[in-house]
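Fold and contact review
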Amino acid sequence: MPSLKDVRNKIVSTRNMQKITKAMKVVSAAKLRKAQQRIVQMRPYAHKLQEMLSHMSGSTEGSDAAKFFDNREINRVLVVAITSDSGLAGSFNSSILKDSVILIKNTYASQYGAKNVDVLAVGKKSAAFFKKNGYNVAQEHTTLFKNLNYEAAEEIAAFIIDQFLNKNYDAVDLVYNRFKNAAVYIPTTERFLPVPPAPEESHVVADNSHGTPQKHYSPDYIFEPSQEEIVSRLIVQSLKTNFFRALLESNTAEHGARMTAMDKASDNAEDLLGKYKLAYNKARQATITKEILEIVSGAAALAG
């Protein structure tokens, strides 16, 4: 049985740990509220831009903008793995790293075998993992989330776009955690470049008499001043905005994951405290019983 001093030290250390986890939970909750407000405001704009961009894929044939939709043979691939800069967030980082490795070794197995898969690591955890495991790291951004802003995201997105247009890469995929709520995030893999076209039948018109789907159509845009100018500017803006949205999604999901992890850690610390207190009481009672027995034995010896 452990001594009273050992059990007392465990109680003190567990209490101190619990104070830290509760403080981290409060900090993450405050950061989550701000980050959630940003992503909620950003999503409608980013999604509408992406929708318009996808529908314009058929309107770019023969123009310079068509290169953004160029589905050429995939020889070289860039995987953008977005994690956090710090840990203590449950499986937040490990899920992204796992999905990235599966994407590289399964989907792009032949390209990986030819060493034609590069990784753009966003977050310290991503950079450390891929460098340690011998992957080709094209760029690493390890302080981006300290002050996440559109300018920093725009710079990275511009680099990715230039690499694709210069045919250094034939496909670019994003791997990140999409925020759902404070307790749930969804590991997501999506194609960044070339821009995926929208489904041919994207809108449904219901029949007025029976309420059943009757007609499918895709929107037809009127361009002013010119189609080529509008599409070219919109494509670049949409790609940069979509990349910034992915960063915001990941950042918001990180705070939610850390808040949840710290809440569970605080509960576990409370359970440990209960066990240690019980062990302390047992040890204390055993010590008292032993002292009483010694006193009684000594008194009996003197009386004898």
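Everything quoted here is computed from the prediction, not taken from an experiment.

**With respect to the overall build of the chain**
- Of regular secondary structure, the chain possesses 6 helices and 7 strands.
- Counting helices and strands in the order they occur from the N terminus, the chain gives α-β-α-α-β-α-β-α-β-β-β-β-α.
- Split into buried and exposed, the 304 residues of the chain put 38% on the buried side.
- Here the contacts in the chain between residues at least 6 apart in sequence split such that 75% fall between residues at least 24 apart.

**Describing the sheet that holds strand S2 (residues 117-122)**
- Read across the sheet, 5 strands follow the order S3-S2-S1-S4-S5 without closing on themselves; strand pairing throughout is mixed. Each edge of the sheet is formed by a strand with only one pairing partner; in this case those strands are strand S3 (136-141) and strand S5 (184-193). Adjacent strand axes in the sheet meet at a mean angle of 20 degrees, parallel and antiparallel pairs treated alike.
- Relative to S2, strand S1 (residues 77-82) runs parallel, the two being bridged by 6 bridges.

**Describing the pairing of strand S4 (residues 171-181)**
- Of all 11 residues in S4, 8 are buried, a share of seventy percent or more.
- Two elements, S1 and S4, share 5 bridges in a ladder whose sense is parallel. Directly across from Val80, in S4, lies its bridge partner Leu174.
- Note that S4 and S5 share 9 bridges and pair antiparallel. Each bridged residue has a counterpart across the sheet, and for Asn177 the counterpart in S5 is Pro187.
- Taking the residues that link successive antiparallel strands as the turn, the S4-S5 hairpin has 2 residues.

**Focus on the pattern of salt bridges**
- Scanning the model with the defined rule gives 11 salt bridges in all.
- Asp118 is the salt-bridge partner of Arg76, the closest N and O atoms lying 3.0 Å from each other. Taken together, the residues span a long stretch of sequence, with Arg76 in the loop between helix H1 (4-55) and S1 and Asp118 in strand S2 at a distance of 42 residues.
- A salt bridge links Arg245 to Glu249, with the shortest nitrogen-to-oxygen separation between them at 3.5 Å. Residue Arg245 and its partner Glu249 are located together in helix H6 (residues 227-303), separated by 4 residues, close to a single helical turn. Each member of the pair, Arg245 together with Glu249, is buried.
- In this structure, a network of salt bridges that share partners links the residues Arg43, Glu190, Arg245 and Glu249.

**Notes on the packing of aromatic side chains**
- As enumerated under the stated definition, the model contains 6 aromatic pairs in all.
- Consider the rings of Phe130 and Tyr135, whose centres lie 5.3 Å apart with planes at 85 degrees: the pair is edge-to-face. Like Tyr135, Phe130 is buried.
- The structure contains a cluster of three or more aromatic residues connected by ring pairs, namely Tyr112, Phe129, Phe130 and Tyr135.
- The ring of Phe164 carries the charged tip of Arg72 above its face, separated from the ring centre by 4.4 Å.

**Brief notes about the packing of helix H2 (residues 92-107) against helix H4 (residues 124-132)**
- Put simply, H2 and H4 touch, their axes get as near as 10 Å, and they point 45 degrees apart. Comparing the axis directions of H2 and H4 gives the class oblique. When the axes of H2 and H4 are compared, the crossing they make is right-handed. From H2, Asn93, Leu97, Ser100, Val101 and Ile104 reach across to H4, where they touch Lys125, Ser126, Phe129 and Phe130.
- Across the contact of H2 with H4, the residue classes break down as 5 nonpolar, 3 polar and 1 charged.

**Quick notes on the nonpolar core**
- One finds Val80, Ile160, Leu193, Leu239, Phe243 and Leu247 to be the most contacted residues of the largest nonpolar core, which totals 45 residues.
- Contributions of two or more residues to this core are made by H1, S1, S2, helix H5 (150-165), S4, S5 and H6.
- When residues of this core are assigned to their parent elements, the largest contribution, 11 residues, is made by H6.
- Leaving out residues up to four positions away in the same chain, Ile160 has contacts with Leu78, Val80, Leu120, Val172, Phe192, Leu193 and Phe243.

**Digging into unusual backbone geometry**
- A cis geometry characterises the amide bond from Leu193 onward to Pro194, with omega recorded as -5 degrees.
- In this structure, Pro194 sits in the loop between S5 and strand S6 (203-206).
- In this structure, Leu88 takes a positive phi of about 55 degrees despite not being glycine.
- Within the secondary structure, Leu88 sits in the loop between S1 and H2.
- In the Ramachandran plot, Lys115 falls in the positive-phi region, its phi being about 60 degrees despite a non-glycine side chain.

Calculation rules
Residues numbered from 1 in each chain as written. Predicted model: local features only at pLDDT ≥ 70, side-chain atom pairs only at ≥ 80, totals over all residues. Heavy atoms only, no water. Helix = DSSP H or I, 4+ residues; strand = E, 2+ residues; numbered from the N terminus. Buried < 20%, exposed > 50% of the residue type's maximum accessible area, 1.4 Å probe, protein only. Contact = heavy atoms within 4.5 Å. Pairing = 2+ DSSP bridges. Axes fitted to C-alpha atoms, helices over the stretch in contact; angles between N-to-C directions. Salt bridge = Lys/Arg side-chain N within 4 Å of Asp/Glu carboxyl O. Phe/Tyr/Trp six-rings, centres within 6.5 Å; stacked < 30°, edge-to-face > 60°. Lys NZ or Arg CZ within 6 Å of the ring centre and 35° of its normal. Parallel < 35°, antiparallel > 145°, perpendicular 65-115°, else oblique. Left-handed = near helix turned anticlockwise from the far one by under 90°. Nonpolar A, V, L, I, M, F, W, Y, C, P; charged D, E, K, R; others polar. Core = buried A, V, L, I, M, F, W, Y, C linked by side-chain atoms within 4.5 Å.

Read these as spatial facts, not as claims about activity.
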